[in-house]
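# Breakdown of the fold
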Amino acid sequence: MIKKMTGDELKSMLKSNIHFKSLGGLKADDLKLTEAQLVPWRAMKLGLFIHWGLYSILGRGEWVRHNEKIPQEEYARLAERFNPRDFSVQTWVDAARSAGMRYMVLTARHHDGFALWDSPGSYGGFTSQNSAAGRDFVREYTTACRSAGLAVGLYYSPMDWRFPGYFKPKELLDNALLMKKQCHDQVEELVSRYGKIDIIWYDGAWLAHSGSDPDGAWLWDPIALNRTVRRHNPLTAINPRSGLEGDFFCDEGSHPVKGEIVPVPWEKNMCLGSGVSWGYIPDDRVMTLPEVITMLVNVIVRDGNLLLNVGPDADGAIPAEMVERLGELGRFTSRYGESIFATRAGPLQPVDDVFGTTYRDRTVYLHILDTDRLAKLPLVFPSDVLSAEVLTGGRVTLARGEEGICFQVAAEPDAIDTIVRLQLAEPVPPLVFDRFDFQKPAPKAASVKEAL
Ligand code: GLC
């Protein structure tokens, strides 16, 4: 049984390097998925996030309209140029599959208000169906994901810069309520017209760019909004950024992930690029393969999922270097997928930059980032270690002492993540967290750190 996190405990996480967004969202127990219902979401581990829309034409990021104060009439004219003729959503699906990813999340509608589907609820009919393309990209996307066996996620921004009521919700309440109506109508379209939606990924339920998402709940009524989601799609995993607590927490951005196993369902979302922007910018720096693998390991040994973002250009093309990196990542995930997918973090607490563990039943995987430092750590497992084998090449020797087992691994010199598979005598018992506070590491982890 994993303990539920509440107010102050949740807030304490803000002091750690994991910055969960939208803490303190409204609670509605009947809307929350149970741990059992979340198992498929947890098992997926790795997904592709796509930021794509009119802003991709300008190539200066998805905030370009707001940052450069582009008047709406001028911005809206981009729709006349939005026509990726030779583009097929299949290329995105192929890129995700090549990385071994299990799910995707597409910006169905970002803050600029432009909907990538045929949306009757769109204020002013600002949609890809009404653009030069004349296409419903959400339909193309949901169909392509499903036929490739990828779970379908849709990003949706409740807020919309086109509404003056967004900037002055109290003074211009009627206008703000029009924006709210658009949000409720459009979310209903997304969850009722495109079959099973596995993930609803909100972003931007705050108001006037101030406060947090829960602060905007008085306007958006996220409980009613998500009741609609549940009515059509009972098992959708909902993120917390509509002002409702939702089913999983979000750590956004390129900062590293450190600390203990996080005792709530959570997802790291970040850019495969430099992180300067989520939408397309030309010649962006791309993460190296070691950076990507290290991040993935740091996330899964803390029980999270990793959602990696790319910004395709106006023609829908994902920058070539990103496609290449995703393919390289796929070579890693296809060889060592058993230590990643459908695992849980544990049974040991990770030690930053040294190692962490994942497990399934009685098989435990040591993910080792620093074999030299690991060799000095006596590790204690919940039951006997019957066998140990290095999956990534090399040899392992076990030195059993009173304090635990030390693992000496002669690894491949350029290994980024050296993976050792252990068979335990008993299945790993479910993790129990009786306390969670990033400021005070659990005793076991503390003693391990002291030993370094
Ligand atoms: C940030 C960006 C937003 C982007 C989101 C993805 O909030 O401002 O544009 O869509 O991250 O999580």
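So, here is what we can say about the structure in this document. (Residues numbered from 1 in each chain as written. Predicted model: local features only at pLDDT ≥ 70, side-chain atom pairs only at ≥ 80, totals over all residues. Heavy atoms only, no water.)

Looking now at the nonpolar core. Among the nonpolar cores identified, the biggest contains 95 residues, and Leu-54, Trp-92, Met-104, Tyr-141 and Leu-272 are the most heavily contacted of them. Tallying contributions element by element places helix H12 (residues 289-300) first for this core, with 7 residues. Each residue touching Trp-92, except ones within four places of it in the same chain, is listed here: Leu-48, Ile-50, Trp-52, Phe-87, Met-104, Leu-106, Tyr-141, Pro-312, Gly-316 and Ile-318. Judged by nonpolar contacts, the second largest core, of 22 residues, contains Val-351, Phe-355, Tyr-359 and Val-409. (Core = buried A, V, L, I, M, F, W, Y, C linked by side-chain atoms within 4.5 Å. Buried < 20%, exposed > 50% of the residue type's maximum accessible area, 1.4 Å probe, protein only. Helix = DSSP H or I, 4+ residues; strand = E, 2+ residues; numbered from the N terminus. Contact = heavy atoms within 4.5 Å.)

In this description, a pair of aromatic rings is defined by centroid distance and the angle of the planes. The full count for this structure, using the stated rule, is 21 aromatic pairs. Consider the rings of Phe-49 and Tyr-155, whose centres lie 6.1 Å apart with planes at 50 degrees: the pair is tilted. With Phe-49 in strand S1 (residues 46-50) and Tyr-155 in strand S3 (residues 151-156), this residue pair connects regions lying 106 residues apart in the sequence. The burial state of Phe-49 is the same as that of Tyr-155; both residues are buried. (Phe/Tyr/Trp six-rings, centres within 6.5 Å; stacked < 30°, edge-to-face > 60°.)

This next bit is on the site of the ligand. Lining the immediate surroundings of the ligand are Phe-49, His-51, Glu-62, Trp-63, His-110, Tyr-155, Trp-201, Asp-203, Arg-241, Glu-252, Asn-269 and Trp-278. Trp-63 is positioned such that a nitrogen or oxygen atom in its side chain is 2.8 Å from an oxygen atom of the ligand. Asn-269 is positioned such that a nitrogen or oxygen atom in its side chain is 2.9 Å from an oxygen atom of the ligand. Burial of the ligand by the protein amounts to 90% of the accessible area it has alone, namely 310 Å². Of the residues in the shell around the ligand, the class split is 5 nonpolar, 3 polar and 4 charged. (Near = heavy atom within 4 Å. Polar contact = N/O pair within 3.5 Å; in protein donor to acceptor, adjacent residues only side chain to side chain. Areas by Shrake-Rupley, 256 points an atom, 1.4 Å probe, with all protein chains shown as cover. Nonpolar A, V, L, I, M, F, W, Y, C, P; charged D, E, K, R; others polar.)

So, on to the state of the cysteines. Tallying each qualifying case throughout the model produces 0 disulfides. Of all cysteine sulfurs, the one in Cys-271 lies closest to Cys-250, which takes part in no disulfide; the gap is 14 Å. Assessed through its relative accessible area of 0%, Cys-250 is described here as buried. (Disulfide = S-S within 2.5 Å.)

The next point concerns empty space enclosed by the protein. Applying the stated criterion to the full structure yields 2 cavities of 30 Å³ or more. Estimates place the volume of the largest cavity at around 70 Å³. Lining the largest cavity are 13 residues, and of these Ser-277, Gly-279, Asp-284, Gly-311 and Met-322 sit closest to its centre. Grouping the constituent residues of the lining of the largest cavity by class yields 7 nonpolar, 5 polar and 1 charged. The volume enclosed by the second largest cavity comes to roughly 40 Å³. Taken together, Trp-52, Gly-53, Leu-54, Tyr-55, Thr-107, Ala-108, Arg-109, His-110, Asp-112, Phe-114 and Leu-116 form the lining of the second largest cavity. Here the lining of the second largest cavity gets 3 residues from one element, more than from any other, and that element is strand S2 (residues 103-109). Split into classes, the residues belonging to the lining of the second largest cavity amount to 6 nonpolar, 3 polar and 2 charged. (1 Å grid on protein atoms, 1.4 Å probe; cavity = no way out; pocket = protein on both sides within 12 Å on 5 of 7 lines; lining within 4 Å. Points joined across faces, edges and corners; volume = space filled by probe spheres on them.)

By themselves, these figures tell us nothing about what the structure is for.
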